[in-house]
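Structure at a glance
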Amino acid sequence: MSNALSLDSQGCGKLSHAADRIEIGELEPGGEDQWDQFVTASPSGTFFHLSGWQTLVEKTLGHRSIRLVARRGREITGVFPISSIRSRLFGNCLVSSPLAVYGGICAADSNSYSDLLQAGSDLAKALGVNYLEMRNRTESYPTSLPGRDLYVTFTQDLSPGPEKLLQGLPRDTRYIIRKSLKSGLEWTEDLTLQEFYELYAQSVHRLGTPVFSRNLFTLLRTLFPRQCRLFGVRKGKQAVAGVLCLYFRDQVLPYYAGALAEFYKDSPNNFMYWNLMAQSCAEGIRHFDFGRSKKGTGSYSFKSSWSMEMLELPYRYQLVRAKEVPHMSPVDGKFQRAVELWKRMPYACTKIVGPQLIRCIPSV
């Protein structure tokens with residue numbers, strides 16, 4: 001191991017400092033369990049830092065993964081999952097991590113963090129990408145890197161229990177939940193993956209967003225069999241809403257969801273998320289992570305109506321060839337025409353074209 005950063009032809013390298021013996025390198029095959037143990041124990045670790053997430057990205061989107069790891073001796077002191085995205089439409093970039101709402105560096109101390117950040121920056125420069133994006137949930141070690149004030153996340157402490165949680169909701173939200181509970185809807189865990197995929201695909205089509213392939217959800221359940229569960233809402237035999245949840249430590253994250261528009265009068269989304277919260281309380285889950293939303297969207301408004309704690313997400317960018325922070329959100333005016341055109345595309349076509357197109361979009 002040398003005392004300076006050395007990049008090979010692929011832009012990968014190793015770094016060590018004699019002072020505190022931190023070494024940065026790529027994770028070697030077979031080291032995934034140690035990586036995951038560190039992430040699970042780290043306060044800054046998230047579900048999306050787990051090694052299996054990059055496997056999901058590789059297999060569904062085809063992006064090359066670079067798993068940077070910081071060590072002191074044999075002990076891991078930080079991890080930095082990065083994916084290389086090559087796009088003719090939007091240019092090349094590095095993202096930590098695609099498909100994820102949270103990512104960036106997970107480190108035990110400031111030195112490990114700064115060395116991983118330096119290694120990631122050097123990698124971005126060596127590869128000549130436009131930028132390196134870090135989807136931080138929190139910023140334990142602040143930097144001067146630029147960001148964008150766009151995303152927030154919503155969380156709820158479930159420890160008070162269902163009765164107090166319901167009492168703490170705004171009156172309008174409480175009324176809608178109680179009304180949905182009398183509308184003949186049924187909470188179930190027997191939803192099939194095919195039923196869920198149709199609900200999800202129709203929902204993102206209405207939003208004007210390309211859909212993922214069904215393989216994403218199949219692989220997600222395969223890679224995380226004990227941390228991934230599928231719930232649904234039925235009216236009679238009809239599946240009217242569904243949510244695929246991720247579990248990490250004492251948290252539940254309702255991550256992918258969809259509902260049929262023709263049943264909106266019954267408020268299936270309110271019914272679904274309330275039942276998920278109540279069930280999670282009964283199962284001893286302490287935190288409900290409602291996930292990321294863009295400001296000014298319908299999702300942001302819906303989640304705001306639940307009176308949860310709202311946290312700004314400090315996404316950060318290391319600019320390389322790019323001159324400014326990328327604007328890749330559908331809420332930006334330059335994408336509105338494309339969004340409207342996609343909404344008018346025949347639904348059957350979106351399930352064919354969407355999974356191919358979405359590989360080229362860095363912001364997914």
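See above for the structure.
Remember, predicted model here, so these are calculated numbers, not experimental data.

1. Notes on the pattern of salt bridges
Side chains that differ in charge, positive against negative, can pair when their charged atoms come close. Scanning all chains against the criterion turns up 15 salt bridges. Residue Glu-283 pairs with Arg-229 through a salt bridge whose shortest N-O separation is 3.0 Å. With Glu-283 in the loop between helix H8 (268-282) and strand E14 (287-294) and Arg-229 in strand E11 (residues 228-235), this pair connects stretches of sequence that are 54 residues apart. A salt bridge links Glu-312 to Lys-295, with the nearest nitrogen and oxygen atoms 3.0 Å apart.

2. What about the pairing of E14?
Summarising the sheet, strand E9 (residues 151-157) and E14 pair through seven bridges and their orientation is antiparallel. Residue pairing for E14: Thr-153 is matched across the bridge by Arg-292. Here two bridges tie strand E13 (residues 251-259) to E14, and the two strands are oriented parallel to one another. By the bridge assignment, Gln-251 is partnered in E14 with His-287.

3. Details of the packing of helix H6 (residues 193-207) against helix H11 (residues 347-357)
Running from amino to carboxyl end, H6 crosses H11 at an angle of 95°, the nearest separation of the two axes being 10 Å. As far as their axial angle goes, H11 and H6 are roughly perpendicular. Of the residues in H11, those touching H6 at Tyr-197, Glu-198, Ala-201, Gln-202 and His-205 are Tyr-347, Thr-350 and Lys-351. Residues belonging to the contact of H6 with H11 are distributed by class as follows: three nonpolar, three polar and two charged.

4. Some details on the packing of aromatic side chains
Evaluation of the coordinates by the stated rule reveals 26 aromatic pairs. Here the aromatic rings of Tyr-200 and Phe-217 are separated by 5.2 Å at their centres, their planes lie at 70°, and the arrangement is edge-to-face. Of the two residues, Tyr-200 sits in helix H6 while Phe-217 sits in helix H7 (residues 214-223), which places them 17 residues apart along the sequence. Of the two residues examined, Tyr-200 and Phe-217, each falls in the buried class. Grouping aromatic residues by their ring pairs yields a cluster made of Phe-47, Phe-48, Trp-53, Tyr-102, Phe-196, Tyr-197, Tyr-200, Phe-212, Phe-217, Phe-224, Tyr-255 and Tyr-256.

5. A word on the pairing of E11
With six of its eight residues buried, E11 lies for the most part within the structure. Note: strand E10 (residues 185-188) against E11, four bridges, orientation antiparallel. Its bridge partner being in E11, Leu-185 is matched across the sheet by Lys-235. Looking at chain direction, E11 and strand E12 (residues 238-248) are connected through eight bridges and run antiparallel. Its bridge partner being in E12, Phe-231 is matched across the sheet by Val-243.

6. Considering unusual backbone geometry
In terms of backbone geometry, most residues other than glycine have negative phi values and most peptide bonds are trans. Residue Ser-96 is joined to Ser-97 through a cis peptide bond whose omega torsion reads 0°. Tracing the sequence through the fold places Ser-97 in the loop between strand E6 (93-96) and strand E7 (106-107). Even without a glycine there, the phi angle at Arg-249 is positive, about 55°. Mapped onto the fold, Arg-249 is located in the loop between E12 and E13. Of note, the phi angle at Ser-307 is positive, near 55°, even though the residue is not glycine. Following the sequence through the fold, Ser-307 ends up in the loop between helix H9 (298-304) and strand E15 (309-312). Judged by relative accessible area, which is 43%, Ser-307 ranks as partly exposed.

7. Quick look at the environment of Leu-99
Positionally, Leu-99 belongs in the loop between E6 and E7. Accessibility expressed as a relative area gives 5% for Leu-99, which makes it buried. In the structure, Leu-99 is positioned 102 residues away from Ala-201 in sequence and 16 Å away in space, judged by C-alpha atoms.

8. Here we look at the nonpolar core
Among the nonpolar cores identified, the biggest contains 89 residues, and Phe-48, Trp-53, Phe-217, Leu-246 and Tyr-256 are the most heavily contacted of them. Here this core takes nine residues from E12, the largest share from any one element. Non-local contacts of Phe-217, meaning those with residues more than four positions away in its chain, are made with Leu-193, Phe-196, Tyr-197, Tyr-200, Phe-212, Leu-244 and Tyr-256. With 20 residues, the next largest nonpolar core counts Ile-22, Ile-24, Ala-107 and Ala-124 among its residues.

9. Some remarks on the sheet that holds E9
Reading across from one edge, E10-E11-E12-E13-E14-E9-E15 is the order of the seven strands in this open sheet, with mixed pairing throughout. Whereas interior strands pair on both sides, the edge strands pair on one side only; in this sheet they are E10 and E15. With strand direction ignored, the average angle separating the axes of adjacent strands in the sheet is 25°. Both E9 and E15 contribute to a ladder of four bridges, which runs antiparallel.

10. A closer look at H6
One full turn of an α-helix is made of 3.6 residues, so residues set three or four places apart face in the same direction. With 15 residues, H6 extends 21 Å from end C-alpha to end C-alpha; this agrees with the ideal 21 Å at 1.5 Å per step. Those residues of H6 that fall on the buried side of the exposure criterion are Leu-193, Phe-196, Tyr-197, Leu-199, Tyr-200, Ala-201, Ser-203, Val-204 and His-205. Structurally, H6 contributes buried residues whose contacts are with H7, E11, E12, E13, helix H10 (336-344) and H11. Downstream of H6 by one or two residues, Gly-208 has phi in the positive range, about 80°.

11. Points about the packing of H6 against H10
The description of two helices packed together rests on the angle between their axes and the distance between the axes. Viewed as axis vectors pointing N to C, H6 and H10 meet at an angle of 135°, and their least axial separation amounts to 7 Å. Viewed along their axes, H6 and H10 adopt a mutual orientation that is oblique. Two secondary-structure elements touch here, H6 through His-205, Arg-206 and Leu-207 and H10 through Val-339, Trp-342 and Lys-343. In terms of residue class, the contact of H6 with H10 is built from three nonpolar, one polar and two charged.

Rules used in this analysis
- Residue numbers run consecutively from 1 along every chain, following the written order of its sequence.
- With the structure being a predicted model, the display of local features is reserved for residues of pLDDT at least 70 and the display and counting of side-chain atom pairs for 80 or more, all residues being used for whole-chain, interface and lining totals.
- Computation of side-chain values covers all heavy atoms of the structure but excludes hydrogens and water.
- Here a salt bridge means any side-chain nitrogen of Lys or Arg lying within 4 Å of a carboxyl oxygen belonging to Asp or Glu.
- Labels follow the DSSP assignment, with helices taken as runs of H or I lasting at least four residues and strands as runs of E lasting at least two, numbered in each case from the N terminus.
- Strands are treated as partners if at least two bridges between them are detected by DSSP.
- Angles run from 0 to 180 degrees between N-to-C directions of axes, and those axes are lines fitted to C-alpha atoms, restricted for helices to the stretch in contact.
- What sets the label is the angle itself: under 35 degrees gives roughly parallel, over 145 gives roughly antiparallel, 65 to 115 gives roughly perpendicular, and the rest give oblique.
- A contact between two residues is defined here by any heavy atoms of the two lying within 4.5 Å.
- All residues other than Ala, Val, Leu, Ile, Met, Phe, Trp, Tyr, Cys, Pro, Asp, Glu, Lys and Arg, Gly among them, are scored as polar; the first ten of these are nonpolar and the last four charged.
- We call Phe, Tyr and Trp rings a pair once their centres come within 6.5 Å, taking the six-membered ring for Trp, and we label the pair stacked below 30 degrees between planes, edge-to-face above 60, and tilted otherwise.
- Exposure classes here rest on a 1.4 Å probe applied to the protein chains alone. A residue is buried below 20% of its type maximum, exposed above 50%, and partly exposed in between.
- Nine residue types can take part in a nonpolar core, namely buried Ala, Val, Leu, Ile, Met, Phe, Trp, Tyr and Cys, and a core is a set of them joined through side-chain atoms within 4.5 Å.
- To estimate the expected span of a helix, subtract one from its residue number and multiply by 1.5 Å.

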